[in-house]
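Close look at the chain arrangement
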Amino acid sequence: MKFAVVVNGSPSASQAAATALRFTEAALKQGVEVLRVFFYGESVLTANRLTHPPQDENNLTLRWQQLAQQHGIELIVCIAAAVRRGVMDEREAKRYEHTADNLAEGFELSGLGQLVDAGINADRVITFGGRA
């Protein structure tokens, strides 16, 4: 069984990213292959390396990075949603003439084609969070 995971909710204002992470961890333990996680809408803020949660909260960015590294999962961030919210890799920062980038390591900016591809190649697409 192959899953693709789509996350829509803000990491600080909803439980979407945290719930998606726990679901993905559980799926992997059950032997499910997770092809890709696609962050869309407010969830792109999960990929901002300049945010740091309080000590008593989970660092979702770090946990996603660790999970992806351990299991070879692609963490794809919708480029349009990310740039709109100020999340950029080095290339996009230069393109928009910013002095710095802030995309966390292990996350990749890409377009909706990656979401379509995941839907074609996965047996199931699981979505967390309502509105994008």
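Reference entry: report on the structure contained in this document. (Residues numbered from 1 in each chain as written. Predicted model: local features only at pLDDT ≥ 70, side-chain atom pairs only at ≥ 80, totals over all residues. Heavy atoms only, no water.)

Brief notes about the overall build of the protein chain
To be explicit about the condition: Helix and strand definitions here come from DSSP, where helices need a minimum of 4 consecutive H or I residues and strands a minimum of 2 consecutive E residues; each element is numbered from the N-terminal end. Our radius of gyration is a C-alpha quantity, and the globule rule it is checked against amounts to 2.2 Å times the number of residues to the power 0.38. Note on classification: 1.4 Å probe, protein chains only; a residue is buried when its accessible area is under 20% of the maximum for its type, exposed when over 50%, partly exposed between these limits.
Secondary structure summary: the protein chain contains five helices and five strands in total. Overall, the protein chain shows an N-to-C arrangement of helices and strands of β-α-β-α-β-α-α-β-α-β. Computed over its C-alpha atoms, the radius of gyration of the protein chain comes to 14 Å, within 12% of the 14 Å expected for a compact globule of 132 residues. Across its three principal directions, the C-alpha atoms of the protein chain cover 45 × 35 × 30 Å. Sorting the 132 residues of the protein chain into buried and exposed places 41% on the buried side.

Topic: the environment of Asp89
Which entries qualify depends on this criterion: Any two residues whose heavy atoms approach within 4.5 Å at even a single point are treated as in contact.
Along the chain, Asp89 falls in the loop between α3 (79–84) and α4 (90–95). Classification of Asp89 as partly exposed rests on a relative accessible area of 23%. For the pair Asp89 and Asp101, spaced 12 residues apart in sequence, the C-alpha to C-alpha distance is 5.1 Å. Discounting chain neighbours no more than four positions away, the residues touching Asp89 are Asp101, Leu103 and Leu109.

A word on the side chain of Ser10
Quick reminder of the rule: Definition of a polar contact: a pair of N or O atoms within 3.5 Å, with one able to donate and the other able to accept a hydrogen when the atoms are protein atoms, and with sequence-neighbouring residues admitted only if both atoms are side-chain atoms.
Note on placement: Ser10 falls in the loop between β1 (2–7) and α1 (16–29). Given a relative accessible area of 10%, Ser10 falls into the buried group. A polar contact of 3.2 Å, which involves the side chain of Ser10, links it to the backbone nitrogen of Ala13. Apart from residues lying up to four places away in sequence, Ser10 is in contact with Glu42 and Ser43.

Section: the sheet that holds strand β2 (residues 33–39)
Rule in force here: Strand pairing requires that DSSP identify at least two bridges connecting the strands. Orientation is described by axes fitted as lines to C-alpha atoms, over the contacting stretch for helices, and by angles from 0 to 180 degrees between their N-to-C directions.
If you walk across this open sheet you meet the five strands as β4-β3-β2-β1-β5, and the pairing is parallel. Sheet topology places β4 (107–110) and β5 (124–128) at the edges, where each strand pairs with a single neighbour. If you compare each strand with its neighbour and ignore which way they point, the axes differ by 25° on average. In this structure, β2 lies alongside strand β3 (residues 74–78), joined through four bridges in parallel fashion.

Description of the nonpolar core
Selection criterion: Among buried residues, those of type Ala, Val, Leu, Ile, Met, Phe, Trp, Tyr and Cys that are joined through side-chain atoms within 4.5 Å constitute a nonpolar core.
Membership of the largest hydrophobic core comes to 31 residues, with the highest contact counts inside it found for Val7, Val37, Phe39, Trp64, Val77 and Phe107. Breaking this core down by element, the ones donating at least two residues are β1, α1, β2, α2 (60–71), β3, α3 and β4. Counting residues per element, this core draws most heavily on α1, at six residues. Contacts of Val77, omitting those with residues within four sequence positions, involve Phe39, Val44, Ala47, Ala82, Leu103, Phe107, Glu108, Leu109 and Ser110.

Focus: the packing of aromatic side chains
Test applied: Aromatic contacts are taken between Phe, Tyr and Trp rings whose centres are within 6.5 Å, Trp giving its six-membered ring; a plane angle under 30 degrees counts as stacked, one over 60 as edge-to-face, and the others as tilted.
For the structure shown, the criterion picks out five aromatic pairs. Geometrically, the ring pair formed by Phe39 and Trp64 is edge-to-face, given 5.4 Å between the ring centres and 90° between the ring planes. With a gap of 25 residues between them, Phe39 in strand β2 and Trp64 in helix α2 connect regions that are remote in the sequence. For Trp64, a relative accessible area of 0% translates into the label buried. These aromatic residues form a ring-pair network of at least three members: Phe3, Phe23 and Phe128.

Some thoughts on the pattern of salt bridges
Short version of the rule: The term salt bridge refers to a side-chain nitrogen of Lys or Arg lying within 4 Å of a carboxyl oxygen of Asp or Glu.
Inspection of every chain in the model, using the stated rule, returns seven salt bridges. Counted as one network, the salt bridges with shared partners bring together Arg36, Glu74 and Asp117.

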